[in-house]
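Here's the letter readout for the chains.
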Amino acid sequence: MKYIVQPSARIAGEISVPGDKSISHRAIMFASLAEGSTRVSGFLQGEDCLATLHAFQQMGVTVDYGSDDMTIHGVGRDGLQAPQNALDCGNSGTSMRLLTGLLAGQGFAVTLVGDESLLQRPMRRVCDPLNSMGARIDTAAKGTPPVTIHAVDSLQAISYHLPVASAQVKSAVLLAGLFARGVTEVIEPKPTRDHTECMLQAFHYPLQRSATRISVEGGHRLHATDIQVPGDISSAAFFIVAACIAPQAELTLHNVGMNPTRTGVLAILQAMNASIDIHNHAVEGGEPTASITVRSSQLRGIDVPPELVPSAIDEFPILCVAAACAQGTTRVTQAEELRVKESDRIAQVARGLTTLGVRVEEYPDGLTIEGGPLTGGEIDSGHDHRIAMAFSIASLRAADTITVHDCKNVATSFPGFVETARSVGLDITLHEHDR
Ligand code: S3P
């Protein structure tokens, strides 16, 4: 599947983006383990979250679908059943890493598999701390999937200093901690997204936390609660940048999740002189939301503050497109985690921007981008949804057609991306046959 995107100059309208991916995954997990039934509205019907949903259905959880919501009937903390087959996490690192933690102490054996991109991604970062809790988890020789979880009698709580700032590793250890004897504690090097902590509290699970230290005692119950999933700021980011870089633009995005551990993209764009107005603040199901109005902006290059990297980690592909359209130089550092996402995003962004005539220098932990004019060109997404969407948006400043190859994975996080993009003014068409 490929996108062909012709240059266009105007972005306008009012849109909502699909539900938050991180929150949707967790809603299924906690609703499945809870006592009682949980109604989830705004759930992201993307392939990643559907992989998590199917995994729980394979373990005996039943789901009723309404017209714009679904009800998950919890089986209680000890009610999951051994699945008949391996659980297929597709492209989703969040499904695989969080499920590994949640299933480590269930008392049954299970194998987790995934697609070509997921099979390259590091899993020792979750298996090592879980094995030190008494789990028995194997990976392939390079520490990559498949992940095989063997049955164990019990887990023992640990205190764990995360070696990398990763919400997935933090969450995997906390999820295992729900089934461990004693109090499991995780200490983060830098704060990362805290949806696991927020949602555990929403399901009335006792939890202690300070800025970078979280602890849970095993053995308590989760109680069903209704969850309203806000729009995903990581999906909104593509259109926020679209409106910043388009020569003429005024765009409003409604109901965007504004959890402070996720808003780094707004802080970075504002430091680059973006015209962003945040209004209609609300709280939906324990998570803050707002409307965001963005106008065409003269962006300036900056040194991205390293402390903002974890709270914007998924937004770097599109932030790098913004940097290419800014006056001056933008430097991204201490962002080596970008190399182990759905693709090596530092390499993939550098390659794509170079194709469009932008001067880029790549480092092990980041890159430098010189703002300047963009040509058209042929871009390879590297099986990465966020690379595909970011380079489609670049068409707003390109001199010629941009063809983005390998766009199928956009469906993992942003079903309806092409329709939304067209509705605000992008000249984008989807072609089922690629190369
Ligand atoms: C996620 C955490 C982040 C992020 C991913 C979703 C989560 O990954 O990149 O898209 O839902 O916990 P890391 O924990 O690897 O940084």
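Residues numbered from 1 in each chain as written. Predicted model: local features only at pLDDT ≥ 70, side-chain atom pairs only at ≥ 80, totals over all residues. Heavy atoms only, no water.

### A few points about the side chain of Arg386
To be explicit about the condition: Numbered from the N terminus, helices here are DSSP runs of H or I no shorter than four residues, and strands are runs of E no shorter than two. The contact criterion used throughout is that any non-hydrogen atoms of two residues lie within 4.5 Å.
Tracing the chain through its elements places Arg386 in helix H11 (residues 385-393). Those residues within four positions of Arg386 in sequence are excluded, and the remaining contacts are Lys21, Ser234, Phe238, Asp314, Pro317, Arg345 and Ser413.

### Some thoughts on the domain arrangement of the protein
Threshold: Residue ranges assigned to each domain were obtained from an automatic or database domain assignment. A simple way to read buried area is as the amount of 1.4 Å-probe accessible surface that goes missing from two parts once joined, with both sides added. Basic side-chain nitrogens of Lys or Arg form a salt bridge, by our definition, when they fall within 4 Å of a carboxyl oxygen of Asp or Glu.
Each assigned domain of the protein is listed with its residue range as follows: domain 1 (2-19 + 230-431) and domain 2 (21-228). Placing the centre of domain 1 and that of domain 2 at their C-alpha centroids yields a distance of 29 Å. With 26 residues of domain 1 at the interface, the matching set in domain 2 holds 27 residues. Together domain 1 and domain 2 conceal approximately 2400 Å² of surface at their shared face, both sides included; 46% is due to carbon and sulfur atoms. The interface formed by domain 1 and domain 2 contains three salt bridges.

### Considering the site of the ligand
Which entries qualify depends on this criterion: Whether a residue is near a molecule or strand depends on its heavy atoms: if one lies within 4 Å, it is near. Polar contact is defined as a pair of N or O atoms within 3.5 Å, subject to the rule that within protein one atom must be able to donate a hydrogen and the other to accept it, and that residues adjacent in sequence are counted only when both atoms are side-chain atoms. Where accessible areas are quoted, they stem from the Shrake-Rupley method and a 1.4 Å probe; at the residue level, only the protein chains shown are allowed to cover.
Contacts to the ligand come from Lys21, Ser22, Arg26, Thr94, Arg97, Ser166, Ala167, Gln168, Arg193, Ile313, Asp314 and Lys341. Contact between the ligand and Arg26: an oxygen atom at 2.6 Å from a side-chain N or O atom of the residue. Between the ligand and Asp314 there is a distance of 2.6 Å, counted from an oxygen atom to a side-chain nitrogen or oxygen. Burial of the ligand by the surrounding chains reaches 95%, relative to a free accessible area of 390 Å². Secondary-structure elements contributing two or more residues to the shell around the ligand are helix H1 (21-33), helix H3 (93-103) and helix H5 (167-177). The element contributing the most residues to the shell around the ligand is H1, with three residues.

### So, the sheet that holds strand S24 (residues 402-405)
This is how it is decided: Strands qualify as paired when DSSP identifies two bridges or more between them. Inter-axis angles, ranging from 0 to 180 degrees, are taken between N-to-C directions of lines fitted to C-alpha atoms, where helices are fitted over the stretch in contact.
The four strands lie next to each other as S23-S24-S1-S25, forming an open sheet whose pairing is mixed. Either end of the sheet is taken by a strand with one partner, and the two such strands are strand S23 (377-380) and strand S25 (427-431). On average, adjacent strands in this sheet sit at an angle of 20° to one another, irrespective of strand direction. Judged from the four bridges that link them, S23 and S24 form a sheet pairing that is parallel. The residue bridging Asp380 from the neighbouring strand is His405, located in S24. Across the sheet, H11 lies against strand S1 (2-6), S23, S24 and S25, angled at about 175° from S24, the strand it touches most. Against the sheet, helix H12 (residues 417-424) touches S1 and S25, its axis set at about 155° to S25.

### Some remarks on the pattern of salt bridges
Side-chain pairs of opposite charge can arise whenever the charged atoms involved come near each other. This is how the line gets drawn: Categorising residues by exposure relies on relative accessible area from a 1.4 Å probe, with only protein chains included: less than 20% of the type maximum marks a residue as buried, more than 50% marks it as exposed, and the intermediate range marks it as partly exposed.
Enumeration over the complete set of coordinates arrives at 22 salt bridges. Among the ionic pairs, Arg39 bridges to Asp226, the shortest N-O distance being 4.0 Å. Residue Arg39 is located in strand S3 (residues 37-41), and its partner Asp226 is located in the loop between strand S15 (213-217) and strand S16 (227-228); the two are separated by 187 residues in the primary sequence. Given a relative accessible area of 39%, Arg39 falls into the partly exposed group. Its salt-bridge partner being Lys170, residue Glu188 comes within 3.3 Å of it at the nearest N-O pair. Of the two residues, Glu188 sits in the loop between strand S13 (183-187) and helix H6 (195-202) while Lys170 sits in helix H5, which places them 18 residues apart along the sequence. Glu188 sits in the buried class, given a relative accessible area of 7%. Several salt bridges share partner residues, and in doing so they unite Arg121, Arg193, Asp314, Glu342, Arg345, Asp384 and Arg386 into one network.

### Considering H11
Within H11, nine of the nine residues are buried, leaving the element largely enclosed by the surrounding structure. For H11, the full list of buried residues reads His385, Arg386, Ile387, Ala388, Met389, Ala390, Phe391, Ser392 and Ile393. For H11, the N-terminal cap is Asp384; the gap from its side-chain oxygen to the backbone nitrogen of Arg386 is 2.9 Å.

### Description of the state of the cysteines
For clarity, the threshold we go by: The rule for a disulfide is simple: a pair of cysteine sulfur atoms within 2.5 Å.
Enumeration according to the criterion identifies zero disulfides in this entry. Free cysteine: Cys49, not disulfide-bonded; nearest cysteine sulfur from Cys89 at 12 Å. Sulfur of Cys407: no disulfide; nearest cysteine sulfur belongs to Cys320 and is 18 Å away.

### Description of the nonpolar core
Test applied: Take the buried residues of types Ala, Val, Leu, Ile, Met, Phe, Trp, Tyr and Cys, join any two whose side-chain atoms come within 4.5 Å, and each joined set is a nonpolar core.
Core analysis: the biggest nonpolar cluster contains 81 residues, and Ile11, Phe239, Leu253, Leu269, Ile393 and Phe417 have the highest contact counts within it. In terms of residue count, helix H7 (residues 233-245) provides more of this core than any other element does, eleven residues in total. Sequence-distant contacts of Ile393, that is, excluding residues within four places in its chain, are made with Phe238, Phe239, Ala242, Ile245, Ile318, Phe417 and Leu426. With 67 residues, the next largest nonpolar core counts Leu87, Ile137, Val169 and Leu222 among its residues.

### Regarding the packing of aromatic side chains
Condition: Two rings belonging to Phe, Tyr or Trp (six-membered ring only in the last case) form a pair when the distance between their centres is within 6.5 Å. Interplanar angles under 30 degrees mark stacking, angles over 60 mark edge-to-face geometry, and anything in between is tilted.
Under the criterion given, the structure shown has six aromatic pairs. Seen in terms of ring centroids, Phe30 and Phe203 are 6.0 Å apart; in terms of plane orientation they differ by 50°. Their pairing is tilted. Taken together, the residues Phe30 in helix H1 and Phe203 in the loop between H6 and strand S14 (208-209) connect sequence positions 173 residues apart. Consider the rings of Phe414 and Phe417, whose centres lie 5.4 Å apart with planes at 70°: the pair is edge-to-face. The residues Phe414 and Phe417 share a single accessibility class, namely buried. Every member of this aromatic cluster is reached through a ring pair, and the members are Tyr3, Phe238, Phe239, Phe414 and Phe417.

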